[in-house]
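Here's the letter readout for the chains.
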Amino acid sequence: MDKEKPPGIVLTEAQKKRQRERSIAIALALGVLVVLFFAVTIVKGSGVLVRPM
Amino acid sequence: MSIVENHTLTLTPRISEAGVADYIALLKPRVMSLVIFTALVGLMIAPGHFHPVLAFTSILCIAVGAGASGALNMWYDADIDALMSRTAKRPVPAGRVTPQEALAFGLTLSFFSVMTLGILVNWVAGGLLAFTIFFYAVVYTMWLKRFTAQNIVIGGAAGALPPVVAWAAATGSLAVEPILLFLIIFFWTPPHFWALALFRTDDYARANVPMLPVVAGANATRLQILLYTVVLVAIAAAPWPLGYFDAAYGISSLALGAGMLWLAIKVYRNREGAPALRAARQLFGFSILYLFALFAILLLEVVVKAAAPLFW
C-alpha cells in the first residue's frame, strides 16, 4: 500500500512572493558588501594590510 | 483518571509575510536621513584628503548602524509602540514582522556595519559606531526611555554621535570641531522631542512612557524647552567667535537661532487649547529645518572653499 507523504508546509503565493523579494534583497546586500570590500582593497593597494587604530 | 487528557497539539510554524518595505521601515528611514546628512557634514569638515570610496563606505556603515539601532529599538519597544497612535502601524506592532525577525535584523546589521567600518576604514570610527548603537539600543531604549523623564536628554547623545563617528572615520582621531557638532545636536534634541511630546502627551501617557509633559506637566516642559533653546542658540553660535567656523555660519546660526527662540517663547506663552498645540507643532517642524539648515551652511562653506580656487 502506498503511503502518501504529508504535504509539509505549503507556502501561499503571497508568502512565496515575499520570500523571493527578501532573498533578492539579501543577495543585493551581499553583492554590495563584496563590491565594497573589493573597491576598498583596490583603493588602499598595499596599504590594505595596515590597520590604524 | 488522568487530569491531562490526550490531545494532539498541532504547531503551525509562522511563515513570514514581511516584505522588503517592512524591513526598510525597521531602519527608521527619516531618522536615518538626518543621520546621513549630519555624518556627511562631519566627514566634509574634517581636515585632509579622504578617498571618496572610503568616504562612501563610512557614510554607508554609519547609516546602516543607525538603521540597526532603529530595528533594535522597534524590537524592544513593540509593546509600547502598539499603544501609541504615532507608532502603532510600525512593522512589529502591526504584526507584519515578528519581534524575533526585528531582533535578528538589528543584530545582523549592527555586526556588519561595525565590522565593515572597523576593517575597511579604522577602528576608532568602528568603536564609536558600536558605542552609538549600544547607547541607543541598550542605554536609551532598554533603560532610560521607561525609567526617567530625562530619557531623551541623555539618550540624545546617541543621535548626536554620527558626525563624530564620521570625523573619526576621516581622521582616525577626535578634535574640537566634531565635539561642537555633537553639542549642537545634543542640545537640539530636548526642545525638538519635548515639542513633539507636548502634542502627543496622551500617547506617551497611555504607553506609560515618562516623557517630561507626562511626569512634570506641560508648563514645566514649556519652561525646559525655553531654557534648552537658549543654551542651544548660544552653543550653536559659539564656534564662530571661537574661530572654528566662519562668519557666514555664525550670522546664519544667530538668524536661525532667533527663529527657534521666537517659537520657543510662543510655546512658553501659549498654554491653552489650539494655539498651544499649534505653537508646539510649529516649534517641532522648525527645529528640523533649523538643524538641517545649520549643517547645510557648514557643508556649503566647505564646498565654496573647495571650489573657490577654480574661479579665482
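In the block above lies the structure referred to throughout.
Residues numbered from 1 in each chain as written. Chains lettered and ligands numbered in written order. Predicted model: local features only at pLDDT ≥ 70, side-chain atom pairs only at ≥ 80, totals over all residues. Heavy atoms only, no water.

Broken down by element type, chain A carries 1 helix and 0 strands. When the 53 residues of chain A are sorted by exposure, 8% land in the buried category. Surface exposure of chain A reaches about 4,600 Å², of which carbon and sulfur atoms provide 69%. (Helix = DSSP H or I, 4+ residues; strand = E, 2+ residues; numbered from the N terminus. Buried < 20%, exposed > 50% of the residue type's maximum accessible area, 1.4 Å probe, protein only. Areas by Shrake-Rupley, 256 points an atom, 1.4 Å probe, with all protein chains shown as cover.)

Along chain B, the regular secondary structure elements total 14 helices and 0 strands. Starting at the N terminus and walking to the C terminus, you meet the elements of chain B as α-α-α-α-α-α-α-α-α-α-α-α-α-α. Compactness check: chain B gives a C-alpha radius of gyration of 22 Å against a globular reference of 20 Å for 312 residues, within 12% of the reference. If one aligns the C-alpha atoms of chain B with their principal axes, the spans along those axes are about 95 × 55 × 30 Å. Per-residue burial over chain B gives 51% buried out of 312 residues. By sequence separation, contacts in chain B at least 24 residues apart represent 73% of the contacts at least 6 residues apart. In the structure as shown, chain B presents an accessible area of about 14,400 Å², 70% of it carried by carbon and sulfur atoms. Within chain B, the 13 negative side-chain charges are centred at a point lying 9 Å from the centre of the 18 positive side-chain charges. (Rg over C-alpha atoms; globule rule 2.2 N^0.38 Å. Contact = heavy atoms within 4.5 Å. Lys, Arg positive; Asp, Glu negative; His and termini not counted. Charge placed at Lys NZ, Arg CZ, Asp CG, Glu CD.)

For an α-helix, 3.6 residues make a turn, and residues three or four places apart therefore share a direction. Residue and element names in this part refer to chain B. Most of helix 8 (residues 162-171) sits inside the fold, with 9 of its 10 residues counted as buried. Taken together, the buried positions of helix 8 are Pro162, Pro163, Val164, Val165, Ala166, Trp167, Ala168, Ala169 and Ala170. Those residues of helix 8 hidden inside the fold are in contact with helix 2 (29-44), helix 3 (52-76), helix 5 (99-120), helix 6 (123-143), helix 7 (151-160) and helix 9 (176-199). The first or second residue beyond helix 8 is Gly172, which carries a positive phi of 80 degrees.

Let's shift gears to the interface of chain B and chain A. Counting residues at the interface gives 24 residues for chain B and 19 residues for chain A. In total, about 1,900 Å² of surface goes out of reach between chain B and chain A, with carbon and sulfur atoms giving 72% of it. Looking at the side of chain B facing chain A, the largest losses of area belong to Ile15(B), Glu17(B) and Leu120(B), adding up to 27% of the total buried there. Taken together, the links from chain B to chain A amount to 0 salt bridges. For the interface between chain B and chain A, the tally reads 4 residue pairs in polar contact (both at pLDDT 80 or more). Among the secondary structure elements, those contributing two or more residues to the side of chain B that touches chain A are helix 1 (20-26), helix 3, helix 5 and helix 6 of chain B. Per-element accounting of the side of chain B that touches chain A gives the leading share, 5 residues, to helix 3 of chain B. For the side of chain B that touches chain A, the per-class residue count stands at 15 nonpolar, 7 polar and 2 charged. (Buried area = accessible area lost by both parts, 1.4 Å probe. Salt bridge = Lys/Arg side-chain N within 4 Å of Asp/Glu carboxyl O. Polar contact = N/O pair within 3.5 Å; in protein donor to acceptor, adjacent residues only side chain to side chain. Nonpolar A, V, L, I, M, F, W, Y, C, P; charged D, E, K, R; others polar.)

So, to be careful, I would describe these as geometric facts and stop short of saying anything about function.
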